Amino acid sequence: DELGALVEVSPALLLARGEWLEELGELEDAADAFEACLEIGEDPTAQLVLTRPLLGLARLALMEGRMEDALEDIDTALSTAPRDPEALLAALSLRSTEDRRAFAESWREQHGDTVELRRAEGEAALLAGEPAAAIAPLQAVAGDPPTGRSALRLAQALLLSDRIDEAVDLLLAVQPELPEAG
């Protein structure tokens, strides 16, 4: 705070300050920093000025048990950056299985069937303890043949779904690209 007068206030500074205060557990001050970032207004860096602070406010709302406020902040973040991976994952993860499907269907109708949505669907299903539901979206993201980190997540979903031979085959196939698959 003493150095604040020496630095020009910017969205990046306010966002970083909010995230730092959030990590320190100073939630009220973190909320003030995120809200100050939002007050800067329209900017070519909409994700920095709008999306990231809204997701910060959503995390703070969740810490305080305010689920509806968190979902509102996340939905607002998605209205500014509809393909934001963190916002999509949060929007899906905080909903029940039925609501998650309805949300994804509605989002898909508005924005198309994107890699970001598929990845978020797979990750949200894994987080919800529904590995079988994660397989199809992760297969779509991982490609044919599956590659990259999405292939690792697909292997995890297969393994958790008791499809062990498929998971092992996939891990062996991606091991040259990703040694951690071994």
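See the structure above.
Here is a short report on the structure shown in this document. Keep in mind the model is a prediction, meaning the values are calculated, not measured.

Our next topic: the pattern of salt bridges. Side chains that differ in sign of charge can pair as their charged atoms come close. Per the stated rule, a full pass over the model turns up 15 salt bridges. Residue D75 is joined to R95 by a salt bridge in which the shortest nitrogen-to-oxygen separation is 3.3 Å. Here the residue D75 occupies a position in helix α4 (residues 67-80), and R95 occupies one in the loop between α5 (85-93) and α6 (97-111), the gap between them amounting to 20 residues. Residue classification places D75 among the partly exposed residues on the basis of a relative accessible area of 32%.

This paragraph deals with the layout of surface pockets. The space that makes up the second largest pocket amounts to roughly 170 Å³. Lining of the second largest pocket is provided by T97, R100, R101, A104, E121, A125, E130, A133 and P137. In terms of residue count, the dominant contributor to the lining of the second largest pocket is α6 (four residues). Across the lining of the second largest pocket, the residue classes tally to four nonpolar, one polar and four charged.

Moving on: unusual backbone geometry. The amide bond that connects D144 to the next residue, P145, takes the cis arrangement and shows omega of 5°. With respect to the secondary-structure elements, P145 resides in the loop between α8 (131-142) and α9 (148-160). With a phi angle near 60°, D162 is a residue other than glycine that sits in the positive phi range. Examined against the element boundaries, D162 turns out to sit in the loop between α9 and α10 (164-174). According to the relative accessible area criterion, D162 is exposed, its value standing at 65%.

Our focus in this paragraph is the nonpolar core. Counting residues in each nonpolar core, the largest one holds 19 residues, and the members touching the most others are I74, L78, L88, L92, F103 and L117. Elements represented by at least two residues in this core include exactly α3 (46-63), α4, α5, α6 and α7 (115-127). For this core, the element with the highest residue contribution is α5, accounting for five residues. Excluding residues that lie within four positions of it along the chain, L117 makes contacts with L88, L92, A104, W107, R108 and G112. If you look at the next biggest cluster of nonpolar residues, it comprises 17 residues, including A125, A134, L138 and A151.

What counts as what
- Residues numbered from 1 in each chain as written.
- Predicted model: local features only at pLDDT ≥ 70, side-chain atom pairs only at ≥ 80, totals over all residues.
- Heavy atoms only, no water.
- Salt bridge = Lys/Arg side-chain N within 4 Å of Asp/Glu carboxyl O.
- Helix = DSSP H or I, 4+ residues; strand = E, 2+ residues; numbered from the N terminus.
- Buried < 20%, exposed > 50% of the residue type's maximum accessible area, 1.4 Å probe, protein only.
- 1 Å grid on protein atoms, 1.4 Å probe; cavity = no way out; pocket = protein on both sides within 12 Å on 5 of 7 lines; lining within 4 Å.
- Points joined across faces, edges and corners; volume = space filled by probe spheres on them.
- Nonpolar A, V, L, I, M, F, W, Y, C, P; charged D, E, K, R; others polar.
- Core = buried A, V, L, I, M, F, W, Y, C linked by side-chain atoms within 4.5 Å.
- Contact = heavy atoms within 4.5 Å.

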